[in-house]
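Structure at a glance
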Amino acid sequence: MIDESIFKAYDIRGTYPEQLDEDVARDIGRAFVAHLGLSGSRVVVARDMRLSGEDLQEAFIGGVTESGADVLDLGMVSTDALYFAVGHLEEPGGAMITASHNPKNYNGFKLCREQAIALSGESGIGQIRDLITSGKLPEPAEYPGSVERTDIAEDYAKHCLNFIETEGLRPLKIVVDAGNGMAGKMLPPLFERLPFEYVPMYFELDGSFPNHPPNPIEPENVKELQKRVRSENADFGVAFDGDADRCFIVNEKGETIDGDILAALIAKNVLEKEPGATIIHSAVCSKAFPELVKREGGRPVRTKAGHSIIKPQMRERDAAFGGEHSAHFYFRNNFFADSGIIAMLTVAELVGRQEGPISDLISP
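Residues numbered from 1 in each chain as written. Predicted model: local features only at pLDDT ≥ 70, side-chain atom pairs only at ≥ 80, totals over all residues. Heavy atoms only, no water.

You can see arginine 30 is positioned in helix α1 (residues 22-36). For arginine 30 and leucine 56, which are 26 residues apart along the polypeptide, the C-alpha to C-alpha distance reads 13 Å. Dropping the residues within four chain positions of it, arginine 30 is found in contact with Gly63, Val64, Glu66, Ser67, Leu137 and Pro138. (Helix = DSSP H or I, 4+ residues; strand = E, 2+ residues; numbered from the N terminus. Contact = heavy atoms within 4.5 Å.)

Right under this line is the structure:
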């Protein structure tokens, strides 16, 4: 019997192998193809560096191909790179094998359909659960799908750099804590093209997380980064979660910036480039967020938290940016998907255009 508690509001997630093993992963692959009607189409699949990731990915791909769908295997990338690949390549579905910021014994799946539209509990994940638990999964296809492998890292780096203008920026020193997660692979191609110096911390991919858990929202997990920012006399520091779709910024004094204040800074950058744009913010964000958006000439829209609510709202209103207190930052030109890497770049551009420190930008 499958443990139905692994089917969450925004993803599928559980402990490996107690709740989530290769047999479950294969069934999820079969149900994903059946639910979205992807037989004869192609599914983009990727994973992070978790120790169980390779086995679960292989099993999921097996379920997809035996259901008659082809697979484009990206290997190890960040979650936002998976979203980019689905949107950029105009594929009808994608799956990221990750447990994001959770402890090392967890793993899971973030699933999306065309244009990187994420599946949620009410729209996709529940139906996949029901297909598996009811025993009504379709029989294997007569002709199984094939698997092709490709590297998306360079294309994604170029895509991210399109969000900022690097010319004229002052040189910055940035301390980056990848936490042994996917930022360690995704960031070097970016910094090669940037006029910044970066100090890497824990860029080695290691799903055992030997230095600290991949969850920067917990204060104890950024203490070392805070000290390093001060000792390096850096302009700011940034910490990523395991799959690098969220980032957390530490100012030049070693103080962590709250997610909603960071979102307000990003909104300021967006509005400078797109005056009058609509900006979405979750209900738990500080009142400073909509006040700043109005002051900068934008249109703030308050909504409930959660990507399954914010992304459709952004599409409906053609919002340029959406921010949550939880450090999820959504960009229209990134297929309305969240990206910690793009968020970091927009903050670096904002700081690089002024003479004062990042704390001067926040103090108002």
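This part takes up the sheet that holds strand β2 (residues 42-47). What links the strands of a sheet is backbone hydrogen bonding, and the strands pair in either a parallel or an antiparallel sense. Judged by pairing direction, the sheet is mixed, and its six strands sit side by side in the order β1-β5-β4-β2-β3-β6 without closing on themselves. Lying at the two open borders of the sheet, with one neighbouring strand each, are β1 (12-15) and β6 (147-149). Direction aside, the axes of adjacent strands within the sheet are offset by 20° on average. Here strand β3 (residues 70-76) runs beside β6; their pairing, made up of three bridges, is parallel. (Pairing = 2+ DSSP bridges. Axes fitted to C-alpha atoms, helices over the stretch in contact; angles between N-to-C directions.)

The subject of this paragraph is the environment of glutamate 197. Within the secondary structure, glutamate 197 is located in strand β8 (residues 197-201). The class of glutamate 197 is partly exposed, set by a relative accessible area of 46%. Each C-alpha atom of the pair glutamate 197 and proline 103 lies 31 Å from the other, and the pair is 94 residues apart in sequence. When near neighbours in sequence (up to four residues on either side) are disregarded, glutamate 197 contacts Leu172, Lys173 and Ile174. (Buried < 20%, exposed > 50% of the residue type's maximum accessible area, 1.4 Å probe, protein only.)

Here we take up the packing of helix α9 (residues 259-273) against helix α10 (residues 288-295). Direction vectors running N to C along α9 and α10 enclose 10°, while the axes themselves pass 9 Å from each other. Accordingly, the angle class assigned to the pair α9 and α10 is roughly parallel. In contact with Asp260, Ile261, Ala263, Ala264, Ala267, Lys268 and Leu271 of α9, α10 contributes Ala288, Phe289, Leu292 and Val293. By residue class, the composition of the contact of α9 with α10 is nine nonpolar, no polar and two charged. (Parallel < 35°, antiparallel > 145°, perpendicular 65-115°, else oblique. Nonpolar A, V, L, I, M, F, W, Y, C, P; charged D, E, K, R; others polar.)

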